[in-house]
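Examination of the molecular architecture
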Amino acid sequence: MTELLGNAWTGWHSFTAAGKLAALLLISLLFLWIYYKKVVQKPFLVYTTVAVACCIVPVTAAVLMLYQTGFYDYEWIWSIVPLTAMIGFAATIFITDVLKSVTEGDRKKEAAVILMMLATLILCSGMGTGDFEFAENQSELKRAEELLEELGERMEGREIYLWAPREITEYARECNAGIRVLYGRNMWDISLDAYAYDTYSREMADLDCWMRNDEEKETLSDGECAEIVASTEVNCILLPGGKSNETIECFEEKLGTRAEFLGDYYLLIR
């Protein structure tokens, strides 16, 4: 329970750091409670207020996270909150019932206030982080695509069964649907499994830790890792260029092949 409370608290900070729509929602709720008599859909207002409180308060947020199971992060509990609808509802009441009395019917002032509201809505979003991440992902995809295209040429039409670092595995089947991978993105992004409760074996998880040089979780030696890979049907192995010569020689010996350079990686073809 302590871990859930901690996740709920850090999740709230992450949720609000990505954008300020939550703050805009709270302002909308405050406005609607002040002008409560003008609100026709009072049950809608009460429900949204209770739902928001449940998502913010760590104890109730932890209960909601427990209910939705560990496959989903904190942000998903906000699916019970009609965030967009409530902000739009508050904006509608402000424009139709309050704005006219404030601007005294001056159309230019009304237009200026509406434009300011739209600008506020835009500024309360992710402030462009989404576009930056998209551009970064496109750059990674392009690098992976070029590398996998060259790998396909070296394989001369053979089926590719690949074990590679995450930045290649993540885009492998997007670049070439015919490529098989030892494990997919659901190795590190468990939300992709949805309600499928099958998990990877301990050996597969250890291979991923070894490939990432995760010193806290890494349990395999180079030789043990190479033996596990040798026992699979994998025929293409991409190892990061930063691996030591001893590691590469160990894999060459266990897999019975020679390593060659492919971009920033060592390639071993069985």
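Residues numbered from 1 in each chain as written. Predicted model: local features only at pLDDT ≥ 70, side-chain atom pairs only at ≥ 80, totals over all residues. Heavy atoms only, no water.

Quick look at the sheet that holds strand β4 (residues 259-262)
Keep this limit in mind: Pairing between strands requires that DSSP locate at least two bridges from one strand to the other. Only DSSP runs of H or I covering at least 4 residues are called helices, and only runs of E covering at least 2 are called strands; the numbering of each starts at the N terminus. It only takes one pair of heavy atoms within 4.5 Å for two residues to be counted as in contact. Only the stretch in contact is used when fitting a helix axis, every axis being a line fitted to C-alpha atoms; angles between N-to-C directions are given from 0 to 180 degrees.
Spatial strand order, β2-β1-β3-β5-β4: five strands in an open sheet with mixed pairing. Whereas interior strands pair on both sides, the edge strands pair on one side only; in this sheet they are β2 (180-181) and β4. Against the sheet, helix α9 (residues 202-212) makes contact with β1 (161-163) and β3 (236-240), and its axis sits at roughly 45 degrees relative to β3, the strand it touches most.

Concerning the nonpolar core
In plain terms, the rule: We define the nonpolar core as a collection of buried residues of types Ala, Val, Leu, Ile, Met, Phe, Trp, Tyr and Cys that are connected through side-chain atoms lying within 4.5 Å of one another. Categorising residues by exposure relies on relative accessible area from a 1.4 Å probe, with only protein chains included: less than 20% of the type maximum marks a residue as buried, more than 50% marks it as exposed, and the intermediate range marks it as partly exposed.
Core analysis: the largest hydrophobic core is formed by 24 residues, its most contacted members being Leu25, Leu32, Tyr74, Ile77, Trp78, Val81 and Met86. Looking at this core, the elements that each hand over two or more residues are α2 (21-34), α3 (42-56), α4 (58-67) and α5 (83-103). Of all the elements, α5 adds the most residues to this core, at seven residues. Within the second largest apolar cluster, 22 residues are counted, among which are Leu182, Met204, Ile237 and Phe251.

Looking at a nonpolar patch on the surface
Inclusion rule: Only residues whose relative accessible area exceeds 30% and that take part in no salt bridge are eligible for patches, with like-charged residues grouped when within 9 Å of each other and nonpolar side chains (Val, Leu, Ile, Met, Phe, Trp, Tyr) grouped when within 5 Å. Only the protein chains shown count as cover for residues, and all accessible areas are computed by the Shrake-Rupley method using a 1.4 Å probe. Whenever Lys or Arg places a side-chain nitrogen within 4 Å of a carboxyl oxygen from Asp or Glu, that contact is recorded as a salt bridge.
On the surface, Trp33, Tyr36, Val46 and Val50 cluster together into a nonpolar patch covering about 330 Å² of accessible area. For Val46, the location among the structural elements is in helix α3. For Val46, a relative accessible area of 37% translates into the label partly exposed.

A look at the confidence of the model for the chain
Inclusion rule: What pLDDT reports is the predictor's confidence in each residue, on a scale of 0 through 100.
Across the chain, pLDDT averages 80, with 80% of residues at or above 70. Contacts from residues 127-132, a stretch scored under 50 in pLDDT, to residues over four places away or in other chains number zero contacts.

Overview of the pairing of β3
Among the five residues that make up β3, five are buried, leaving the element largely enclosed by the rest of the structure. Taking every second residue as pointing to the same face, both faces of β3 are buried, with Cys236, Leu238 and Pro240 on one and Ile237 and Leu239 on the other. Direction of pairing for β1 relative to β3: parallel, over a ladder of two bridges. Looking at β3, one finds that Trp163 is bridged to Ile237. Bridge analysis of β3 against strand β5 (residues 265-269) gives five bridges, and the strand direction is antiparallel.

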